[in-house]
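# Examining the three-dimensional arrangement
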Amino acid sequence: MESKYIPEPYKIKMVEPITLLPKEERAKRIKDAGYNTFLLKTRDVFIDLLTDSGTNAMSHYQWAGLMLGDEAYAGSENWIHLEETVRELFGFRYVVPTHQGRGAENLISQILVKPGMYIPGNMYFTTTRTHMELQGGTFVDVIRDEAHEPERDDIPFKGDVDLGKYEALIKKVGPEKIPYICVAVTVNMAGGQPTSMANLKAVYEMSQRYGIRVIFDATRCVENAYFIKKREAGYEDKTIAEIVLEMFSYSDGCTMSGKKDGIVNMGGFLAVNEEDLYRKATGLVVVYEGMPSYGGMTGRDMEAFARGLREAMNYDYIRHRVEQVIYLGNRMSQRGVPIVKPVGGHAVFVDARRFLPHLSQDELPAQALAAAIYEHSGVRTMERGIVSAGRDKDGNNYHPKLELVRLTIPRRVYTNAHLDYVADSVESLLAEASDIRGLKWVYEPSVLRFFTGRFEHI
Ligand code: F0G
């Protein structure tokens, strides 16, 4: 049965034309881009599902806020508004603005991670782990095993931390070697899978027992809150804002990329409760980002961000946002496309191992599939597999269990008609899957190689 979708809880006031290039042109553009969808030009893309990061459509209220930008070097009105909003919605004492999420990751890693330390987390994220490693730390994955199994669809909170794995690490290396645990809500690389309130609470209790800080990666925390409301007993009648506030009560701080659930195009922050951490972070932020009252954002950015955070707590907004992603996932799944289940909050992840069973992981199946989807349909997606995973300290490729292509849905940008086109295109590509060839590296950057790496057909 066809799943029906929820009408968009907004109407459209301004449009941005998009065009589909002819197929021969698309083949040429992706070849010129080194078969890396990050290197395509927007003008060559029909539907852009590369990322939900900074690609959101702002509301009329946010756009109006831009006119109130107070572009003072220090003490801007908009910073006061953003700081108050973060304190109120998340419950933290101190807020340090950064230009985006990785700016906050840089600050917390520089302050807390020392060589030889271990940072557990519920699956890695690319920039987050890189900042830990740049300080000499080692990331340790303590997510529940099922998060690595794309076909397991019977687990509502695949993002949960495995407490057994976490405690085993503490016992092995000692709590003094663990500056914090990084808990993502939701888990991007696992397919946008949520973390339950019960798990967040249990992780916090265990961490307190051992004197270890809990730092959330808050990037998609509102989507996580929606899943808690929908799936966890006792939360059905709570508001999204109440759930968010409770989630963060089980943490000591967070890094946030405002480019996702802040519904803006740029921005981020680090928030903490410890005064000493705050002092250190403000000392560093002036070196890397800007004054502690703008951190790389303009006044107008901060105004839009404060307004976006509040809009994100609106139930009609977040329900439509997540259900739109689930609609796309269900439509693809019903048509036989192998995807990660259950569908997560921000994206549908296609399982490239099952889509291209004739390719080994070293033939870069997800990279090849992302390139093929573009060539086939003009839809831009992103590799999330061996290419994104990078190499370990000894130079060996990580071989992640998940070899995925991410179809990421920007917030409030595409209609369900666009998503139908995407689902039907990927379905029709499935019939030609055996013709898709593997890729090999032509240029491999040493850090975060997926962004600018180049490839050719084997
Ligand atoms: N944490 C998570 C879970 C993320 O998804 C991202 C960014 C960051 C941190 C870093 O934030 O980009 O503002 O510096 N994810 C983007 C993506 C790039 O496409 O998933 P940033």
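Preceding block: the structure.
Residues numbered from 1 in each chain as written. Predicted model: local features only at pLDDT ≥ 70, side-chain atom pairs only at ≥ 80, totals over all residues. Heavy atoms only, no water.

## Let's talk about the overall build of the protein
Spelled out, the test is: Labels follow the DSSP assignment, with helices taken as runs of H or I lasting at least four residues and strands as runs of E lasting at least two, numbered in each case from the N terminus. C-alpha atoms define the radius of gyration in this analysis, and the globule rule sets the expected value at 2.2 Å times the number of residues to the power 0.38. Only protein chains enter the calculation, and the probe is 1.4 Å; a residue is then buried if its accessible area is under 20% of its type maximum, exposed if over 50%, and partly exposed in between. We call two residues in contact whenever any of their non-hydrogen atoms come within 4.5 Å of each other. Here the open area of atoms and residues is found with the Shrake-Rupley method and a 1.4 Å probe, where only the protein chains shown may cover a residue. All tallies of charge rest on Lys and Arg as positive and Asp and Glu as negative; His and the ends of each chain are not included. Charged side chains are reduced to one point each, which is NZ for Lys, CZ for Arg, CG for Asp and CD for Glu.
The secondary structure content of the protein amounts to 16 helices and 14 strands. In terms of overall dimensions, the protein is globule-like: its C-alpha atoms have a radius of gyration of 21 Å, near the 23 Å expected for 458 residues. Per-residue burial for the protein yields a buried fraction of 59% across its 458 residues. For the protein, contacts bridging at least 24 residues in sequence account for 73% of all contacts bridging at least 6. As presented, the protein carries roughly 18200 Å² of accessible surface, and 52% of it is formed by carbon and sulfur atoms. Taken together, the 56 basic and 62 acidic charged side chains of the protein have centroids lying 2 Å from each other.

## Side note on the sheet that holds strand β11 (residues 382–384)
Stated formally: Here, strands pair whenever DSSP counts at least two bridges between them. Working convention: axes come from line fits to C-alpha atoms, limited for helices to the stretch in contact. Angles between N-to-C directions cover 0 to 180 degrees.
Strand order in the open sheet made by the three strands is β9-β12-β11, with antiparallel pairing throughout. Looking at which strands have only one partner, the edges of the open sheet turn out to be β9 (347–351) and β11. Mean inter-strand twist for the sheet, computed between neighbouring axes without regard to direction, equals 35 degrees. Pairing analysis gives three bridges linking β11 to strand β12 (residues 404–408), with the strands arranged antiparallel. The partner of M382 across the bridge, within β12, is R406. Of the strands in this sheet, β9 and β12 touch helix α12 (residues 315–334), which is tilted by about 25 degrees from β9.

## Let's talk about the site of the ligand
What counts, and what does not: In this text, near means that some heavy atom of the residue lies within 4 Å of the molecule or strand in question. For this analysis, a polar contact is any N or O atom pair within 3.5 Å, provided that within protein one partner can donate a hydrogen and the other can accept it, and provided that sequence-adjacent residues contribute only side-chain to side-chain pairs. Basically, the charged four are Asp, Glu, Lys and Arg, the nonpolar ten are Ala, Val, Leu, Ile, Met, Phe, Trp, Tyr, Cys and Pro, and anything else, Gly included, counts as polar. What counts as a domain boundary in this text is fixed by an automatic or database domain assignment.
Taken together, 17 residues surround the ligand, and among them T51, R102, D217, S257 and K260 come closest. In the environment of the ligand, an oxygen atom lies 2.7 Å from a nitrogen or oxygen atom belonging to the side chain of T51. Within the side chain of Q100, an N or O atom sits 2.8 Å from an oxygen atom of the ligand. Looking at side-chain class alone, the shell around the ligand contains two nonpolar, eight polar and seven charged residues. No fewer than three residues from each of domain 1 (23–52 + 315–457) and domain 2 (60–312) sit in the shell around the ligand.

## Focus on the packing of helix α3 (residues 77–90) against helix α9 (residues 240–249)
Stated precisely, the cut-off is as follows: An angle counts as roughly parallel when it lies under 35 degrees, as roughly antiparallel when it exceeds 145, as roughly perpendicular when it falls between 65 and 115, and as oblique in every other case.
Across the interface, α3 lies against α9 with an axial gap of 7 Å and an inter-helix angle of 85 degrees. Taken together, the axis directions place α3 and α9 in an arrangement best described as roughly perpendicular. Within the contact between the two elements, α3 uses E88, L89 and F90 and α9 uses V244, L245 and F248. Among the residues forming the contact of α3 with α9, the class breakdown is five nonpolar, no polar and one charged.

## Thoughts on unusual backbone geometry
A cis amide bond links V185 to the next residue, T186, at an omega of -5 degrees. Note on placement: T186 falls in the loop between β5 (180–184) and α7 (197–210). In this structure, the amide linkage connecting K341 to the following residue, P342, adopts the cis form with an omega of -10 degrees. Looking at where P342 falls in the secondary structure, it is placed in the loop between α12 and β9. Notably, R412 is not glycine yet its phi reads approximately 65 degrees, a positive angle. With respect to the secondary-structure elements, R412 resides in the loop between β12 and α16 (416–430). Of note, L448 is a non-glycine position whose phi angle comes to about 45 degrees, a positive value. By the secondary structure assignment, L448 is in the loop between β13 (439–443) and β14 (454–457).

## Describing the environment of E274
Mapping E274 onto the fold places it in the loop between β8 (268–272) and α10 (275–288). Sequence separation between E274 and E105 is 169 residues; the distance between their C-alpha atoms is 17 Å.

## Things to note about helix α11 (residues 299–312)
To keep things clear, this is the line we draw: To estimate the expected span of a helix, count its residues, drop one, and scale the result by 1.5 Å.
For α11, spanning 14 residues, the distance from its first C-alpha to its last is 20 Å, which sits close to the expected 20 Å at 1.5 Å a residue. Burial within α11 is extensive, with 11 of its 14 residues counted as buried. Looking only at α11, the buried set comprises G299, M302, E303, A304, F305, A306, R307, G308, L309, E311 and A312. Where the residues of α11 are buried, they touch α2 (60–66), α3, α8 (221–231), β7 (253–257), β8 and α12.

## Section: the packing of aromatic side chains
As a reminder, the rule being used: To pair, rings of Phe, Tyr and Trp, with the six-membered ring standing in for Trp, must have centres within 6.5 Å; the planes then decide the type, stacked if under 30 degrees apart, edge-to-face if over 60, and tilted in the middle. Working rule: Lys NZ or Arg CZ, within 6 Å of ring centre, within 35 degrees of ring normal, means a charge sits over the ring.
Evaluation of the coordinates by the stated rule reveals 16 aromatic pairs. With a centroid separation of 5.4 Å and an interplanar angle of 70 degrees, the aromatic rings of Y73 and Y294 are classed as edge-to-face. Of this pair, Y73 sits in the loop between α2 and α3 while Y294 sits in the loop between α10 and α11, and the two are 221 residues apart along the sequence. Y73 sits in the exposed class, given a relative accessible area of 57%. Here F90 and F269 contribute two aromatic rings whose centre-to-centre distance is 5.8 Å and whose plane-to-plane angle is 70 degrees, an arrangement assigned as edge-to-face. Taken together, the positions of F90 in helix α3 and F269 in strand β8 put the pair 179 residues apart, joining distant regions of the chain. Given a relative accessible area of 1%, F90 falls into the buried group. A cation over an aromatic ring shows up here: R129 above the ring of Y398, its NZ or CZ 4.2 Å from the ring centre. Lying across the ring of F450, R384 places its NZ or CZ 4.7 Å from the centre.

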